[in-house]
Amino acid sequence: QQQVRQSPQSLTVWEGETAILNCSYEDSTFDYFPWYHQFPGESPALLIAIRPVSNKKEDGRFTIFFNKREKKFSLHIADSQPGDSATYFCAASHLGTGSNRLTFGKGTKFSLIP
Amino acid sequence: GPKVLQIPSHQIIDMGQMVTLNCDPVSNHLYFYWYKQILGQQMEFLVNFYNGKVMEKSKLFKDQFSVERPDGSYFTLKIQPTALEDSAVYFCASSLEAGRANERLFFGHGTKLSVL
């Protein structure tokens with residue numbers, strides 16, 4: 001059973017548009033939700049993260065929206081730029097237990113229409 | 001920025017052989033991890049390691065798997081013997097601490113293991 005579900009599998013938008021990447025989770029005891037991105041040929045790197053005490057976390061053009069009741073969270077990329085093209089992975093963990101064990105989604109391959 | 005290096009980038013071996021995947025973590029990091037990614041699937045946690053010990057492992061971390069970091073050298077994942085289902089990309093990661101918000105894991109580029 002997949003604990004963290006991510007959609008869509010791939011997403012293409014026009015430059016300047018806002019892209020929305022979605023994730024949902026099963027385990028209500030997850031308490032930390034990071035997003036990692038991976039550029040072609042590179043390793044995954046932390047982009048932004050949120051804890052359930054907040055329902056929104058913003059960092060520049062990247063915003064996480066979090067809905068604890070529905071067990072969903074999403075990454076919004078505003079004013080999409082060509083340099084944003086990458087695979088984005090959502091993840092979840094039990095930070096409160098002192099664990100850094102991440103449960104990942106399958107990833108969304110994000111690109112801009114040339 | 002800090003880098004995690006994985007050697008080799010690709011390893012091809014015959015089923016039943018032993019393989020060792022090597023990881024050179026970020027120099028001052030204390031926690032080390034292996035994740036496994038089968039083609040088209042998500043990265044899945046295998047194990048984490050701190051102070052010379054396995055702290056957590058998943059059900060994917062079979063008896064044939066072992067990890068060690070002798071004397072601060074490479075953090076290694078050994079599979080002995082290998083099976084066809086071990087074919088995957090293995091990502092090593094390291095972090096300075098565990099259990100802190102925004103404590104980022106630094107990942108390597110992965111080692112693609114092909115078991116024939």
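Heads up: the structure comes first, above all this text.
Treat the numbers as computed from the prediction; the structure is a model and nothing was measured.

(A) Focus on the overall build of chain A. Broken down by element type, chain A carries zero helices and eleven strands. From first element to last, N terminus to C terminus, chain A shows the α and β order β-β-β-β-β-β-β-β-β-β-β. The C-alpha radius of gyration of chain A comes to 14 Å, within 12% of the 13 Å expected for a compact globule of 114 residues. For chain A, the spread of C-alpha atoms along the principal axes amounts to about 45 × 25 × 25 Å. The 114 residues of chain A split such that 46% are buried. Here the contacts in chain A between residues at least 6 apart in sequence split such that 54% fall between residues at least 24 apart. Looking at chain A, you have 12 positive and 11 negative side-chain charges, and the mean spots of the two groups are 9 Å apart.

(B) Focus on the interface of chain A and chain B. Facing 22 residues of chain A, the contacting portion of chain B comprises 25 residues. Approximately 2000 Å² of surface area, both sides summed, lies buried where chain A meets chain B, with 53% of it carried by carbon and sulfur atoms. If you sort the residues of chain A by the area they bury against chain B, Asn100(A), Arg101(A) and Phe104(A) come out on top, with a joint share of 32%. At the junction of chain A and chain B, the tally comes to zero salt bridges. Our enumeration of links across chain A and chain B arrives at five residue pairs in polar contact (both at pLDDT 80 or more). Only strand 4 (33–38) and strand 5 (45–50) of chain A provide two or more residues apiece to the side of chain A that touches chain B. Tallied by class, the residues present in the side of chain A that touches chain B amount to nine nonpolar, eight polar and five charged.

(C) Molecular detail of the environment of His94(A). All names here are of chain A. Mapped onto the elements, His 94 comes out in the loop between strand 9 (86–92) and strand 10 (103–104). For the pair His 94 and Phe 30, spaced 64 residues apart in sequence, the C-alpha to C-alpha distance is 4.9 Å. Setting aside chain neighbours within four positions, we find His 94 in contact with Asp 27, Thr 29, Phe 30, Asp 31 and Ser 99.

(D) Fine view of the sheet that holds strand 3 (residues 19–24) of chain B. All names here are of chain B. Reading across the sheet, the four strands line up as 1-3-8-7 and stay open at both edges, with antiparallel pairing between neighbours. Each having just a single partner strand, strand 1 (5–7) and strand 7 (65–68) make up the two edges of the open sheet. The average undirected angle you get between the axes of adjacent strands in this sheet is 20 degrees. In this sheet, strand 8 (residues 75–79) lies alongside strand 7 in antiparallel orientation, the contact comprising four bridges. Note on strand 8: the bridge partner recorded for Ser 66 is Lys 78.

Cut-off values and rules
- Residues numbered from 1 in each chain as written.
- Chains lettered and ligands numbered in written order.
- Predicted model: local features only at pLDDT ≥ 70, side-chain atom pairs only at ≥ 80, totals over all residues.
- Heavy atoms only, no water.
- Helix = DSSP H or I, 4+ residues; strand = E, 2+ residues; numbered from the N terminus.
- Rg over C-alpha atoms; globule rule 2.2 N^0.38 Å.
- Buried < 20%, exposed > 50% of the residue type's maximum accessible area, 1.4 Å probe, protein only.
- Contact = heavy atoms within 4.5 Å.
- Lys, Arg positive; Asp, Glu negative; His and termini not counted.
- Charge placed at Lys NZ, Arg CZ, Asp CG, Glu CD.
- Buried area = accessible area lost by both parts, 1.4 Å probe.
- Salt bridge = Lys/Arg side-chain N within 4 Å of Asp/Glu carboxyl O.
- Polar contact = N/O pair within 3.5 Å; in protein donor to acceptor, adjacent residues only side chain to side chain.
- Nonpolar A, V, L, I, M, F, W, Y, C, P; charged D, E, K, R; others polar.
- Pairing = 2+ DSSP bridges.
- Axes fitted to C-alpha atoms, helices over the stretch in contact; angles between N-to-C directions.

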